Amino acid sequence: MEDFDHIAHLYDEDFTFSEIGKLQRERVWLYLDSMLPKDTTLDILELNCGTGEDAARFAERGHRVLATDISPKMVEVAKTKSEQKGFANLVASQTLDITALNPTLLNERKFDWVFSNFGGLNCLNEQDLRNFAAHLPQILKTNGRFIAVVMPDACLWERFYFLFKGNKEEAYRRFKKSGIPVPVEGKMVHTWYYSPTDFRNFFEEEFKFKEQKPIGLFVPPSYLEFYFGKRKGLLKGLSLFEGTFGGIGGLSKFADHFLCDLVVEPYQ
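Since this is a predicted model, take the numbers as computed values, not measurements.

Procedures and definitions
Residues numbered from 1 in each chain as written. Predicted model: local features only at pLDDT ≥ 70, side-chain atom pairs only at ≥ 80, totals over all residues. Heavy atoms only, no water. Helix = DSSP H or I, 4+ residues; strand = E, 2+ residues; numbered from the N terminus. Rg over C-alpha atoms; globule rule 2.2 N^0.38 Å. Contact = heavy atoms within 4.5 Å. Areas by Shrake-Rupley, 256 points an atom, 1.4 Å probe, with all protein chains shown as cover. Lys, Arg positive; Asp, Glu negative; His and termini not counted. Charge placed at Lys NZ, Arg CZ, Asp CG, Glu CD. Phe/Tyr/Trp six-rings, centres within 6.5 Å; stacked < 30°, edge-to-face > 60°. Buried < 20%, exposed > 50% of the residue type's maximum accessible area, 1.4 Å probe, protein only. Lys NZ or Arg CZ within 6 Å of the ring centre and 35° of its normal. Salt bridge = Lys/Arg side-chain N within 4 Å of Asp/Glu carboxyl O. Patch = residues over 30% accessible without salt bridge, like charges linked within 9 Å, V, L, I, M, F, W, Y side chains within 5 Å.

> Please set out the overall build of the protein residue by residue, giving values where relevant.
The helix and strand inventory of the protein stands at eleven helices and nine strands. The C-alpha atoms of the protein give 18 Å as radius of gyration, which agrees with the globular expectation for 268 residues (18 Å, within 12%). The principal-axis extents of the C-alpha atoms in the protein amount to approximately 50 × 40 × 40 Å. Long-range pairs, those at least 24 residues apart, make up 77% of the contacts in the protein with a sequence separation of at least 6. Only carbon and sulfur atoms are counted for the fraction: they give 53% of the accessible area of the protein, which is about 12,600 Å². Of the side chains in the protein, 33 bear a positive and 38 a negative charge, and the two mean positions are spaced by 5 Å.

Below, the structure written as structure tokens:
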């Protein structure tokens, strides 16, 4: 929990409202808005909700959200944000460790969607992901959807950036199956990266694959904000390329993130 408590007060400034963060999130929401029903209220479980930006957007569209995160301070910020935006009646907040996710922990409640944005699931190793995949169908309604935005292992931006700096080891760091320690504002968080195919395979027994999209194929990773945040014209041009090629699912493995949309088989 302490790995993320210390960044709760900085996360919106450093990512959510950064130029890169806004562009990547809008790519995610372009897809979500195309999938959200206009005349039905969904019950949505958000995992790794961070500061609650996505929870507020779901609520803005009239959906009920249980926003969860392992960090109590992140949950506190998310709760305050939903209240300030006037969505306290639609957004509930709860501290939750997804490695312990099970129906009992959620009082046997079932959801229409389970959603996780921007690499929260990359904090799980392979065994954790298998356990997560085994419990997930039990908390989804029939034909419920699991939509996750995950960091793949072959990000071209990262490879080119570190090769340009002459750091070959960092350029290929995402390929390490044992995961790597990643600095997060002064603390190291162990992180695992998964190809889109490998990620889907964790869920193949209980889910049907619907669609995948690259997120951050031309728009760079957020740690390059120091450069691109000052060059909005260049970033806008890259965003236009993102819009042109962002619908090609086969390019997902080369992006900073990818969106994976899965539908649960009827659970017995």
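> Which residues make up the packing of aromatic side chains, and what are the values?
Across all of its chains, the model carries 22 aromatic pairs by this definition. Geometrically, the ring pair formed by tryptophan 29 and phenylalanine 58 is tilted, given 4.8 Å between the ring centres and 55° between the ring planes. With tryptophan 29 in helix α3 (residues 19–35) and phenylalanine 58 in helix α4 (residues 53–60), this residue pair connects regions lying 29 residues apart in the sequence. The residues tryptophan 29 and phenylalanine 58 share a single accessibility class, namely buried. Their ring planes at 85° and their centres at 5.8 Å tell us that phenylalanine 203 and phenylalanine 207 sit as a pair that is edge-to-face. Taken as a pair, phenylalanine 203 and phenylalanine 207 share a single burial class, namely buried. An aromatic cluster is present here, built from Phe132, Phe146, Phe199, Phe203, Phe207 and Phe258 joined pairwise through their rings. The ring of phenylalanine 209 carries the charged tip of arginine 200 above its face, separated from the ring centre by 4.5 Å. Lying over the aromatic face of tyrosine 227, arginine 231 brings its terminal NZ or CZ to 3.8 Å of the ring centre.

> Mind laying out the pattern of salt bridges, listing which residues take part and the relevant values?
Pairing is possible between side chains that carry opposite charge, provided their charged atoms lie close to one another. Overall, the coordinates contain 22 salt bridges when judged by the stated rule. In this structure, lysine 81 engages aspartate 12 in a salt bridge whose closest nitrogen and oxygen atoms are separated by 2.9 Å. Here lysine 81, found in helix α5 (residues 72–84), pairs with aspartate 12, found in helix α2 (residues 11–16); they are 69 residues apart in sequence, far enough to count as distant. Exposure class is identical for lysine 81 and aspartate 12. Each is buried.

> Talk me through a nonpolar patch on the surface; I want residue IDs and the actual numbers.
Together, Phe160, Leu163, Tyr172 and Phe175 make up an exposed nonpolar region whose accessible area comes to about 380 Å². On the basis of relative accessible area, phenylalanine 160 is assigned to the exposed category, the value being 54%.

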